[in-house]
Amino acid sequence: MSAAVEISGASLGFRGRTLWSGLDLSVQPGEFLAILGPNGSGKTSLLKVLLGLQPLSAGTWRIAGDRPVGYIPQQRAMQEALALRGVDLVGLGLDGHRWGLGLRGMAERRRRVAAAIESVGAQAYAKSPVGHLSGGEQQRLRVAQALVGEPDVLLCDEPLASLDLGHQRAVSALIDQRRREAGTAVLFVTHELNPILSYVDRVLYLVDGRFRIGTPAEVMNSTTLSELYRSKVEVIRIGGQIHVAGTQSALCEDEAHHLDEEERVS
Ligand SMILES: Nc1ncnc2c1ncn2[C@@H]1O[C@H](COP(=O)(O)OP(=O)(O)OP(=O)(O)O)[C@@H](O)[C@H]1O
């Protein structure tokens, strides 16, 4: 099986600072890869490379197939004055797809947009201007927009931010279903591994120019993360969840922040 995403000998740096280098990564069709790391470690920049928005400093990358990549951007609130409706926003995800002109093409387009909106449970407000919707509602429409084109590769940049627990579960389950049923490769940038832990095949963890790639068990352990952060990091598994406690820069999960504060107080 050929890889959906292939990155070889890749480096990226800005103004003399290397974000990461020597990165070799193949993501298979249907694979779910979580991309973790502290602020500024180059997670979003890696997605930008795969979107063709950011050239590599060295190395090569390739995305198989010719379907447009699906992309859920890091959330920014949409302007209140934005008159675009939810259905229009989701429909933008079909630009570049062709079913021919005429009524059949338009009916197919409408059918797909309606199905994508239903899949994220956004029917109630899909005809409202997106600028009037809550952050979570806007985010669900962005997910629908990214999935409507049935992409072979889905790039997600913290897609669960601003969603409540119920919708975090629904959106992650939807992304998981998509990769299982259609073989979409998922690259999912997140600061919170736990909501998606049961879906994740492998983790790419970036820290200060270094990285590790492996299964959650291979990467999310005290030895590996202490090596990556070059300081003592404790990884604790409780009730099927992973909590990371360590230095401030090592924080990935909120829980760890509290543990760290308690350690300092005592
Ligand atoms: N075009 C650019 N020119 C110069 N520096 C850049 C550019 N793009 C990103 N950077 C810098 O590269 C670093 C990594 O940014 P990036 O957004 O990839 O980090 P991140 O890991 O996604 O962080 P966060 O968790 O905060 O979202 C940052 O210090 C950022 O300022």
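Residues numbered from 1 in each chain as written. Predicted model: local features only at pLDDT ≥ 70, side-chain atom pairs only at ≥ 80, totals over all residues. Heavy atoms only, no water.

(A) Geometry of the site of the ligand. Taken together, 15 residues sit near the ligand, with Asn39, Gly40, Lys43, Thr44 and Ser45 positioned nearest. One of the side-chain nitrogen or oxygen atoms of Arg17 is found 3.0 Å away from an oxygen atom of the ligand. Within the contact set of the ligand, an oxygen atom lies 3.2 Å away from a side-chain nitrogen or oxygen of Gln74. Taken by itself the ligand offers 640 Å² of open surface, and the protein chains cover 65% of this. Of all elements in the fold, only strand S2 (17–27) and helix H1 (43–50) reach the threshold of two or more residues within the shell around the ligand. Looking at which element gives the most residues to the shell around the ligand, the answer is H1, with 3 residues. (Near = heavy atom within 4 Å. Polar contact = N/O pair within 3.5 Å; in protein donor to acceptor, adjacent residues only side chain to side chain. Areas by Shrake-Rupley, 256 points an atom, 1.4 Å probe, with all protein chains shown as cover. Helix = DSSP H or I, 4+ residues; strand = E, 2+ residues; numbered from the N terminus.)

(B) Here's a closer look at the sheet that holds strand S6 (residues 153–157). Ordered in space as S5-S6-S7-S3-S8-S9, the 6 strands form an open sheet in which the pairing is mixed. One side of each edge strand has no neighbouring strand; the edge strands of this open sheet are strand S5 (70–72) and strand S9 (210–214). This sheet shows a mean twist of 10 degrees between the axes of neighbouring strands, independent of strand direction. Pairing of S6 with strand S7 (residues 185–189), which is carried by 5 bridges, proceeds in the parallel orientation. For Cys156, the partnering residue across the bridge sits in S7 and is Phe188. Docked against the sheet, H1 engages strand S3 (32–36), S6, S7 and strand S8 (202–207), running at close to 150 degrees with respect to S6. Sitting on the sheet, helix H7 (residues 222–229) touches S8 and S9, and the angle it makes with S9 is about 155 degrees. (Pairing = 2+ DSSP bridges. Axes fitted to C-alpha atoms, helices over the stretch in contact; angles between N-to-C directions. Contact = heavy atoms within 4.5 Å.)

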